[in-house]
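Understanding the architecture of this molecule
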Amino acid sequence: MTLNVHAYIAYEDGRMAILDPLEVGRDLAGPEQWRTLVWGSPEVRTLGTRFFPRLDGEDLYVCHEELEAFRQECHLLLENIHTVAPPDNPKDSRLNHEYYVVEVTERLTYILEAIERAEQLERGAVVIW
């Protein structure tokens with residue numbers, strides 16, 4: 001399974017209108033195991049994050065009023081990418097630290113794109129699921 005990120009419109013009655021990404025594949029937020037390996041990792045938590053660790057156990061919904069704080073958290077992770085990116089995987093030499101640096105950076109870029117789209121909408125929000 002794969003985690004996806006989408007901007008959406010949150011209607012008052014609880015319905016959601018999910019927006020497609022601007023380009024195919026730009027809705028990817030990482031493999032399912034990143035819920036704990038990356039987003040909910042001790043390294044991410046140590047930075048004082050409050051949004052990403054919620055992915056360790058549930059989907060993440062960020063309402064319109066929280067988008068700026070979520071953007072700042074994304075930038076915090078980017079500024080600390082070498083801490084956030086997992087170390088080399090001894091079971092698979094292709095999954096080394098530099099690979100994770102590139103992949104996590106790319107996924108954070110997609111998340112930031114979703115935030116930007118949501119901010120342009122009156123009731124825009126972001127979900128990672």
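Just above sits the structure.
Everything numeric here is computed off the predicted structure, so don't read it as measured data. (Residues numbered from 1 in each chain as written. Predicted model: local features only at pLDDT ≥ 70, side-chain atom pairs only at ≥ 80, totals over all residues. Heavy atoms only, no water.)

With that settled, the discussion passes to the nonpolar core. Ranked by size, the top nonpolar core spans 32 residues in total, and within it W39, F52, F70, L108, I111, V126 and I128 carry the most contacts. Not counting residues within four places of it along the chain, the set of residues in contact with I128 comprises L3, N4, V5, A29, F52, L55, D59, L60, F70 and I111. (Core = buried A, V, L, I, M, F, W, Y, C linked by side-chain atoms within 4.5 Å. Buried < 20%, exposed > 50% of the residue type's maximum accessible area, 1.4 Å probe, protein only. Contact = heavy atoms within 4.5 Å.)

Another point: the side chain of D27. Examined against the element boundaries, D27 turns out to sit in the loop between β2 (16–18) and β3 (28–31). One buried charged residue, D27, remains without a salt bridge, the closest side chain of opposite sign being R107 at 8.7 Å. Beyond its immediate stretch of four places on either side in the chain, D27 contacts L3, N4, V5, H6 and P21. (Helix = DSSP H or I, 4+ residues; strand = E, 2+ residues; numbered from the N terminus. Lys, Arg positive; Asp, Glu negative; His and termini not counted. Salt bridge = Lys/Arg side-chain N within 4 Å of Asp/Glu carboxyl O.)

If charged atoms from side chains of opposite charge come close, those side chains can pair. Scanning all chains against the criterion turns up 11 salt bridges. Here E106 and R107 are joined by a salt bridge, their closest N and O atoms 3.0 Å apart. Taking relative accessible area as the criterion, E106 reaches 31% and is therefore assigned partly exposed. Through salt bridges with shared partners, one network takes in E32, R35 and D59.

What follows deals with a nonpolar patch on the surface. A surface patch of nonpolar side chains, amounting to about 320 Å² of accessible area, comprises M16, I18, Y61 and W129. Following the sequence through the fold, W129 ends up in the segment after β5 (124–128). (Patch = residues over 30% accessible without salt bridge, like charges linked within 9 Å, V, L, I, M, F, W, Y side chains within 5 Å. Areas by Shrake-Rupley, 256 points an atom, 1.4 Å probe, with all protein chains shown as cover.)

Before going further, it helps to examine helix α3 (residues 67–79). When the terminal C-alpha atoms of α3 are compared, their 18 Å separation across 13 residues agrees well with the 18 Å that a helix rising 1.5 Å per residue should span. Within α3 the residues assigned to the buried category are L67, F70, R71, E73, C74 and L77. Here the buried residues of α3 occupy an arc of 160 degrees about the axis, which is enough to place them on one side. Contacts made by the buried residues of α3 are with α1 (34–39), α2 (42–46), β4 (60–62), α4 (81–84), α5 (97–119) and β5. (Expected span 1.5 Å × (residues − 1). Arc of directions from axis to C-beta.)

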